[in-house]
Amino acid sequence: MQVKIDLHNHSCLSPCGSDDLTPALLAVEAMEQGIQILALTDHNCGRNLPTFAQACELCSILPLFGMEITTVEEVHVLTLFKDLENAMEFAAFVEFLLPKRKNNPKLFGNQLVVNLEGEVIEQVDKLLISSSNLSFSDVVEEALSRDALVIPAHIDRFANSVLANLGFLPDLPYSALEAIHIPVDADTKGLAVLTGSDAHSLDQVGRRSCYLEMPTITYESLKTSLKPEFVSYRHV
Ligand SMILES: [Zn+2]
Ligand SMILES: [Zn+2]
């Protein structure tokens, strides 16, 4: 079956994410757009993932518990977990490794942890858009060793992408690649190229998604179906 997926979205936890983009509203908007597998990928932090889990359950969406990690080279990499607990453990590790620089909400925006009702539970103090001290290959290897999917983000963007910042795509066992424009003008090494919304506000949810041909809507099916021949970009 063709399954609509969108594996790159932020919430109000990301300083650049709009305050009203709560995990619950993200899930509801995605459901209305027919998205069946959805990831929350805030910058270097996973504190909204538990609320995201509850929201996806209510919306009957298969959630992937993610982060968008900034490597030391300032490359953005998506890491996606099946299991909330594993995702939280990895997220705590990544957040701990960020420099001890405080967020200035007026400059960068709020970093809000919210519950299902959208009430603010916590404001994160540390600036989450700093780069971690993990190298690109460290992030890929560390996340894969924890059984996450690893997808270099928006590889065709002129900033914060592996092609722009490193100049090439290192030979590593990525799960897939993500691009903004299809087809990508680069050697994608036979990997599946996905498109994701990278939503930072509610109106951006679902602006990019793709379809994957897979037997069932499960994490395991997704993992084995991440092949170029199973990806399509048009509504079916
Ligand atoms: Zn990014
Ligand atoms: Zn992003």
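Preceding this paragraph is the structure being described.
Note that this is a predicted model, so its numbers are computed, not measured.

Chemist: Even after reading the chapter, I still don't get the coordination of the zinc ion (ligand 1), so can you show me in this structure?
Modeler: Six octahedral donors at a metal ideally form angles of 90 or 180 degrees, and four tetrahedral donors ideally form angles of 109.5 degrees. At 2.1 Å from the zinc ion (ligand 1) lie its protein donor atoms, namely E68 (OE), H76 (ND1) and H154 (NE2). Summarised as a motif, the one-chain spacing of the donors to the zinc ion (ligand 1) is E-x7-H-x77-H. Separating the zinc ion (ligand 1) from the zinc ion (ligand 2) is a gap of 3.6 Å, bridged by E68, which donates to each. You can see H76 sitting in strand 4 (residues 76-81) and its partner H154 sitting in the loop between strand 7 (149-152) and helix 6 (162-165), a full 78 residues away along the chain. For the pair formed by H76 and H154, the shared burial category is buried.

Chemist: What am I meant to see in the packing of helix 2 (residues 49-59) against helix 3 (residues 84-97) here?
Modeler: Contact pair helix 2 / helix 3: the axes reach a minimum separation of 10 Å and the direction vectors enclose 155 degrees. When the axes of helix 2 and helix 3 are compared, the pair comes out roughly antiparallel. Two packed elements cross with a definite hand, and for helix 2 against helix 3 that hand is right-handed. Residues L49, P50 and A53 of helix 2 lie in contact with helix 3, whose contacting residues are L84, A87 and M88. A breakdown of the residues in the contact of helix 2 with helix 3 according to their chemical character gives 6 nonpolar, no polar and no charged.

Chemist: What should I look at first to understand the coordination of the zinc ion (ligand 2) in this one?
Modeler: At this site the zinc ion (ligand 2) is bound by H8 (NE2), H10 (NE2), E68 (OE) and D198 (OD), with donor distances of 2.0 to 2.2 Å. Around the zinc ion (ligand 2), the 4 donor atoms are arranged such that angles at the metal cover 84 to 178 degrees; this shape is classified as irregular. Written as a sequence motif, the donor residues of the zinc ion (ligand 2) are H-x1-H-x57-E-x129-D.

Chemist: Explain the pattern of salt bridges to me, please; I cannot follow it from the model alone.
Modeler: Oppositely charged side chains are able to pair whenever their charged atoms sit close together. Under the criterion given, the structure shown has 8 salt bridges. Two residues, E95 and R47, come together in a salt bridge whose shortest N-O distance is 2.6 Å. On the criterion of sequence distance, the pair formed by E95 in helix 3 and R47 in the loop between strand 2 (37-43) and helix 2 is long-range, its members being 48 residues apart. Note on R47: relative accessible area 31%, which makes it partly exposed. We note a salt bridge from E122 to R47, for which the minimum N-O separation is 2.4 Å. One end of the pair, E122, is in strand 6 (residues 120-123); the other, R47, is in the loop between strand 2 and helix 2, and 75 residues separate them in sequence. Given the relative accessible area of 30%, E122 is considered partly exposed. Linked through salt bridges whose partners overlap, the residues forming this network are R47, E95 and E122.

Scoring rules and cut-offs
- Residues numbered from 1 in each chain as written.
- Chains lettered and ligands numbered in written order.
- Predicted model: local features only at pLDDT ≥ 70, side-chain atom pairs only at ≥ 80, totals over all residues.
- Heavy atoms only, no water.
- Donors = N, O, S within 2.8 Å, 3.2 Å for Na, K, Ca; no water.
- Helix = DSSP H or I, 4+ residues; strand = E, 2+ residues; numbered from the N terminus.
- Buried < 20%, exposed > 50% of the residue type's maximum accessible area, 1.4 Å probe, protein only.
- Axes fitted to C-alpha atoms, helices over the stretch in contact; angles between N-to-C directions.
- Parallel < 35°, antiparallel > 145°, perpendicular 65-115°, else oblique.
- Left-handed = near helix turned anticlockwise from the far one by under 90°.
- Contact = heavy atoms within 4.5 Å.
- Nonpolar A, V, L, I, M, F, W, Y, C, P; charged D, E, K, R; others polar.
- Tetrahedral: all angles 85-135°; square planar, octahedral: opposite > 155°, others 65-115°.
- Salt bridge = Lys/Arg side-chain N within 4 Å of Asp/Glu carboxyl O.

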